[in-house]
Amino acid sequence: MTSGRVRIAASLLAADFAHLGDAVRAAERAGVDLLHIDVMDGQFVPPITMGAVVVDAVRRVSRLPLDVHLMVREPERQLEAFVGAGAASIAVHLEAVVHPHRTLAQLRRLGVQAGVALNPGTPPDACEWLVDVLDFVLVMTVDPGYAGQAFQPGVLPKIARIRRLVGDRCWIAVDGGISPKTAPLAVAAGADVVVAASAIFGAPDGVDAAVARLRTAVQG
């Protein structure tokens, strides 16, 4: 994540779950760098989505790093299950965890990259005191819970502020409404990773063309 090359993460939230393995293999062939897996519990956010069993299934059909985004209450209760299933990085929501410093330190002890996710309305300075146990910050550019939402441009100054706060000590990912139009804005503000869902799996001309467009957009 420190090479200077912007990474593209394909969010499986927008994939066809009837053919999930095919979607994973298509994204890998198209050249994405990470697979992003959104876990929702129906409490922190309204929907209920994937669990550790899905992470394990994806791990068995892909060599790509699995980036797990826990949109759940009390995420500390789930960490070992997702690490055991094959997660390479895990983000917990600052708004959902009681003891974030302890939880992030636990993730590091488990051998995965530890991240904190911030909702659009959460101030950027909220993560400053966690830098010593952080590997990355996941900045939500939509309210979490649903794929296909419009990018919130008001979050761009927040990304820039977080970059100033963390410097090169952490990587910054952005998630929500990412497309060839919005991804360069996030990268210009300081993002290292762009997480795209509908822009990849909902493209009418296919995953290969969608990923190529995103790659061109973020390379400047």
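Located above this text is the structure these notes cover.
Quick question: what am I supposed to make of the overall build of the chain here?
The helix and strand tally for the chain stands at 8 helices and 8 strands. Here the C-alpha radius of gyration of the chain, 16 Å, is about what a compact globule of 220 residues would show, namely 17 Å. If one aligns the C-alpha atoms of the chain with their principal axes, the spans along those axes are about 45 × 35 × 35 Å. Looking at the 220 residues of the chain, the share that counts as buried comes to 56%.

For this particular structure, what's the right way to read the side chain of Ser-89?
Looking at the element boundaries, Ser-89 is found in strand E4 (residues 89-93). On the basis of relative accessible area, Ser-89 is assigned to the buried category, the value being 4%. Polar side-chain contacts of Ser-89 include one of 2.7 Å to the side chain of Asp-67. In contact with Ser-89, other than residues within four places in its own chain, are Leu-66, Asp-67, Val-68, Val-112, Gln-113, Phe-136 and Trp-171.

Can you help me understand the pairing of strand E5 (residues 113-118) in this one?
Looking along a regular strand, one sees side chains alternate from face to face of the sheet. With 5 of its 6 residues buried, E5 lies for the most part within the structure. Alignment of E4 against E5, held across 5 bridges, turns out to be parallel. For Ser-89, the partnering residue across the bridge sits in E5 and is Gln-113. Between the parallel elements E4 and E5, the chain passes through helix H4 (residues 100-109) in a crossover that is right-handed. In the sheet, E5 pairs with strand E6 (residues 136-140) via 4 bridges, with the strands oriented parallel. If you follow Val-116 over to E6, its bridge partner there is Val-137.

For this particular structure, what's the right way to read the packing of helix H1 (residues 20-30) against helix H8 (residues 207-219)?
Packed helices, taken two at a time, are described by the angle their axes make and the gap between the axes. H8 packs onto H1 with a crossing angle of 45 degrees between their chain directions and a minimal axis gap of 9 Å. Considering the angle they form, H1 stands oblique to H8. Between H1 and H8 the crossing geometry is right-handed. Where H1 approaches H8, its residues Ala-26, Ala-27, Arg-29 and Ala-30 are matched on the opposing element by Val-207, Asp-208 and Val-211. Along the lines of polarity and charge, the residues of the contact of H1 with H8 split into 5 nonpolar, no polar and 2 charged.

Which parts of the structure should I look at to understand the sheet that holds strand E7 (residues 171-175)?
Two pairing modes exist for strands in a sheet, parallel and antiparallel, and in both the strands are linked by backbone hydrogen bonds. The 8 strands lie next to each other as E1-E2-E3-E4-E5-E6-E7-E8, forming a closed barrel whose pairing is parallel. Here the strands of the sheet are splayed against their neighbours by 25 degrees on average, with no regard to which way each runs.

Would you mind showing me how to read unusual backbone geometry here?
Glycine aside, negative phi is the norm for most residues, and most peptide bonds take the trans geometry. The phi angle at Glu-74 is positive, at roughly 50 degrees, despite the residue not being glycine. By secondary structure assignment, the location of Glu-74 is in the loop between strand E3 (66-71) and helix H3 (79-85).

Please clarify how the state of the cysteines should be interpreted in this entry.
Cysteine pairs can be linked by a disulfide, which is a covalent bond between their two sulfur atoms. Applying the stated criterion across every chain yields a total of 0 disulfides. For Cys-127, which is in no disulfide, the shortest distance to another cysteine sulfur is to Cys-170 and amounts to 7.7 Å.

What exactly am I supposed to notice about H4 here?
Structurally, the α-helix is built with 3.6 residues per turn, so residues lying three or four positions apart point the same way. Among all positions of H4, only Pro-100, Thr-103, Leu-104, Ala-105, Gln-106 and Leu-107 are buried. Elements in contact with the buried residues of H4: H3, E4 and E5. Two residues or fewer past H4, Gly-111 is found with a positive phi of approximately 90 degrees.

Just to check I follow, could you spell out the pairing of E4 for this structure?
Counted residue by residue, E4 has 5 buried out of 5 residues, so it is predominantly covered. Both faces of E4 are covered, namely the face carrying Ser-89, Ala-91 and His-93 and the face carrying Ile-90 and Val-92. Alignment of E3 against E4, held across 4 bridges, turns out to be parallel. Within the sheet, the bridge partner assigned to Val-68 lies in E4 and is Ile-90. Note that the unit made of E3, H3 and E4 has a crossover that is right-handed.

About the criteria used
- Residues numbered from 1 in each chain as written.
- Predicted model: local features only at pLDDT ≥ 70, side-chain atom pairs only at ≥ 80, totals over all residues.
- Heavy atoms only, no water.
- Helix = DSSP H or I, 4+ residues; strand = E, 2+ residues; numbered from the N terminus.
- Rg over C-alpha atoms; globule rule 2.2 N^0.38 Å.
- Buried < 20%, exposed > 50% of the residue type's maximum accessible area, 1.4 Å probe, protein only.
- Polar contact = N/O pair within 3.5 Å; in protein donor to acceptor, adjacent residues only side chain to side chain.
- Contact = heavy atoms within 4.5 Å.
- Pairing = 2+ DSSP bridges.
- Right-handed = clockwise from strand over helix to strand, strands pointing away.
- Axes fitted to C-alpha atoms, helices over the stretch in contact; angles between N-to-C directions.
- Parallel < 35°, antiparallel > 145°, perpendicular 65-115°, else oblique.
- Left-handed = near helix turned anticlockwise from the far one by under 90°.
- Nonpolar A, V, L, I, M, F, W, Y, C, P; charged D, E, K, R; others polar.
- Disulfide = S-S within 2.5 Å.

All quantities given are derived from atomic positions and should not be read as evidence of function.
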